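The chain contents come next:
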Amino acid sequence: MVDLVILGTGSMVPTKERNVQAFYLEFNGEGMLFDCGEGTQRQMNLAGISRAKVRRIFLTHWHGDHVAGLIGLIQTIGNSNYEGTLSIYGPKGTKERMFHLMNATVFENKVEIAVHELAPKDGEELFFLDNEKHKVGCVKVDHTTPTIGYAWHEKERTRVDMATCAKLGLKEGPLVGRLSRGEPVEHDGKRILPEDVTFRVAGKKIAFIPDTQLCEGLPLLAHYADVLVCESTYYSRELDKADGYKHLTAAQAAQVASQADAKRLILTHFSQRYASVEPLLEEARTVFPNTDAAFDLMKITL
Ligand SMILES: [Zn+2]
Ligand SMILES: [Zn+2]
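Just so it is clear, the model here is predicted, and its values are computed rather than measured.

A.B. asks: Mind showing me how you'd approach the coordination of the zinc ion (ligand 2) here?
C.D. replies: The textbook angles at a metal center are 109.5 degrees for a tetrahedron of four donors and 90 or 180 degrees for an octahedron of six. Protein coordination at the zinc ion (ligand 2): the donors are His-61 (NE2), His-63 (ND1), His-143 (NE2) and Asp-211 (OD), at 2.2 to 2.3 Å from the metal. Along the chain, the residues donating to the zinc ion (ligand 2) fall in the pattern H-x1-H-x79-H-x67-D. Separating the zinc ion (ligand 2) from the zinc ion (ligand 1) is a gap of 3.5 Å, bridged by Asp-211, which donates to each. With a gap of 82 residues between them, His-61 in the loop between β4 (54-58) and α2 (64-67) and His-143 in the loop between β8 (134-141) and β9 (147-154) connect regions that are remote in the sequence. The pair His-61 / His-143 is uniform in exposure class, with both members buried.

Given below as structure tokens:
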């Protein structure tokens, strides 16, 4: 099971209703944070997320609404009983900016930090993290500063068909455990092979499209995503602004989801000009019906 908590859903400045950007994803007991806008720590408090669980932070780009909460979070983590390394990933320039950030306030850093710069080529998904059960890829997108989007992929996994096991007289226990790990077993004088009682289940995919205009990287991120969280700063009426500042409209976000066969679209990164995001949601739903508008602390479990 994977939990996604959308911690902030506004763009540029926090409002009463919406904090700026951050998403938290928890899988297998490990916390991953995607962006860390101002106020992310408080949003984590409200969502009941332990900061010490964050092992990796993936930054999309260095605009303040995506990173201004980072230094506070690093200081807090350092003052907890944090063990191990905090890995921070980001686009070109991240190492230099992290150096300046770490020297921007007076504090004694107690966390070991590893900074990784990612440089995916045009139109490629670069897999930079590959664990036993999941992997993470990044894709270059087109914003006003170097920017990357991320896709989290759960790997295909083996499930045991307990109905078939029951027919063979097998109950939940060590023998079934061995079969699920791909080992043959002996039972009632018969040899049972893993393929007799197991089947493969496709892993889930959660993709994040950050600030960008339409570009060739977006279909790669969105492709078959179970959940696509996508920026939609503007309503189509403000298409000129979206183009000028290199952002997406809600209708464009929906087109990306539709063309890439994503299963569910979550709109986020709303301009503060909209008192209600209902019109953005409506225009997206005419293109891609399975769309929702994100709200702060929205939680999705897959
Ligand atoms: Zn932004
Ligand atoms: Zn931006």
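Now that the structure has been shown, we can carry on.
A.B. asks: Quick question: what am I supposed to make of the side chain of Asp-35 here?
C.D. replies: Note on placement: Asp-35 falls in the loop between β3 (30-34) and α1 (40-47). Although Asp-35 lies buried, it forms no salt bridge, and the closest oppositely charged side chain, Arg-97, sits 12 Å away as judged by the N-O distance. Leave out the neighbours within four places in its chain, and Asp-35 touches Gln-21, Ala-22, Phe-23, Phe-58, Leu-59, Thr-60, His-61 and His-66.

A.B. asks: Can you help me understand the coordination of the zinc ion (ligand 1) in this one?
C.D. replies: Listed as protein donors to the zinc ion (ligand 1) are Asp-65 (OD), His-66 (NE2), Asp-211 (OD) and His-269 (NE2); their distances from the metal cover 2.1 to 2.2 Å. Geometry at the zinc ion (ligand 1) is irregular, judged from its four donor atoms and the angles of 91 to 161° they form at the metal. All donor residues of the zinc ion (ligand 1) come from one chain, and their arrangement in sequence is D-H-x144-D-x57-H.

A.B. asks: Where do I start with the nonpolar core in this structure?
C.D. replies: Nonpolar side chains in soluble globular proteins generally cluster together in the buried interior. Among the nonpolar cores identified, the biggest contains 31 residues, and Ile-209, Leu-228, Cys-230, Leu-265 and Leu-267 are the most heavily contacted of them. Listing elements by their share of this core, those giving two or more residues are β8, β14 (205-209), α8 (217-222), β15 (227-231), α10 (250-259), β16 (265-268) and α11 (278-287). Top element by residues in this core is α10. It accounts for five residues. Dropping the residues within four chain positions of it, Cys-230 is found in contact with Ile-209, Leu-248, Ala-253, Leu-265, Ile-266, Leu-267 and Thr-268.

A.B. asks: For this particular structure, what's the right way to read the sheet that holds β3?
C.D. replies: To summarise the sheet geometry, strands pair through backbone hydrogen bonds and adopt either a parallel or an antiparallel arrangement. Ordered in space as β6-β5-β4-β3-β2-β1-β18, the seven strands form an open sheet in which the pairing is mixed. In the strand order of this sheet, the two ends are held by β6 (112-117) and β18 (298-301), each with one partner. Adjacent strand axes in the sheet meet at a mean angle of 20° when their direction is disregarded. Taken strand by strand, α1 contacts β1 (2-8), β2 (22-27), β3 and β4, and its axis lies near 130° from that of β1. Packed onto the sheet, helix α3 (residues 70-78) meets β3, β4, β5 (85-90) and β6 and runs at close to 165° relative to β5.

A.B. asks: Sorry if this is basic, but what is going on with the sheet that holds β8 here?
C.D. replies: An order of β7-β8-β9-β14-β15-β16-β17 is seen for the seven strands of this open sheet, with the pairing classed as mixed. Where the open sheet ends on each side, the last strands, each with one partner, are β7 (126-130) and β17 (291-293). Sheet twist, expressed as the mean angle between neighbouring strand axes with direction ignored, is 20°. Its contacts with the sheet put α10 on β14, β15 and β16, and the angle it makes with β16 is roughly 155°.

Thresholds, definitions, all that
- Residues numbered from 1 in each chain as written.
- Chains lettered and ligands numbered in written order.
- Predicted model: local features only at pLDDT ≥ 70, side-chain atom pairs only at ≥ 80, totals over all residues.
- Heavy atoms only, no water.
- Donors = N, O, S within 2.8 Å, 3.2 Å for Na, K, Ca; no water.
- Helix = DSSP H or I, 4+ residues; strand = E, 2+ residues; numbered from the N terminus.
- Buried < 20%, exposed > 50% of the residue type's maximum accessible area, 1.4 Å probe, protein only.
- Lys, Arg positive; Asp, Glu negative; His and termini not counted.
- Salt bridge = Lys/Arg side-chain N within 4 Å of Asp/Glu carboxyl O.
- Contact = heavy atoms within 4.5 Å.
- Tetrahedral: all angles 85-135°; square planar, octahedral: opposite > 155°, others 65-115°.
- Core = buried A, V, L, I, M, F, W, Y, C linked by side-chain atoms within 4.5 Å.
- Pairing = 2+ DSSP bridges.
- Axes fitted to C-alpha atoms, helices over the stretch in contact; angles between N-to-C directions.

By themselves, these observations are geometric and do not establish any function.
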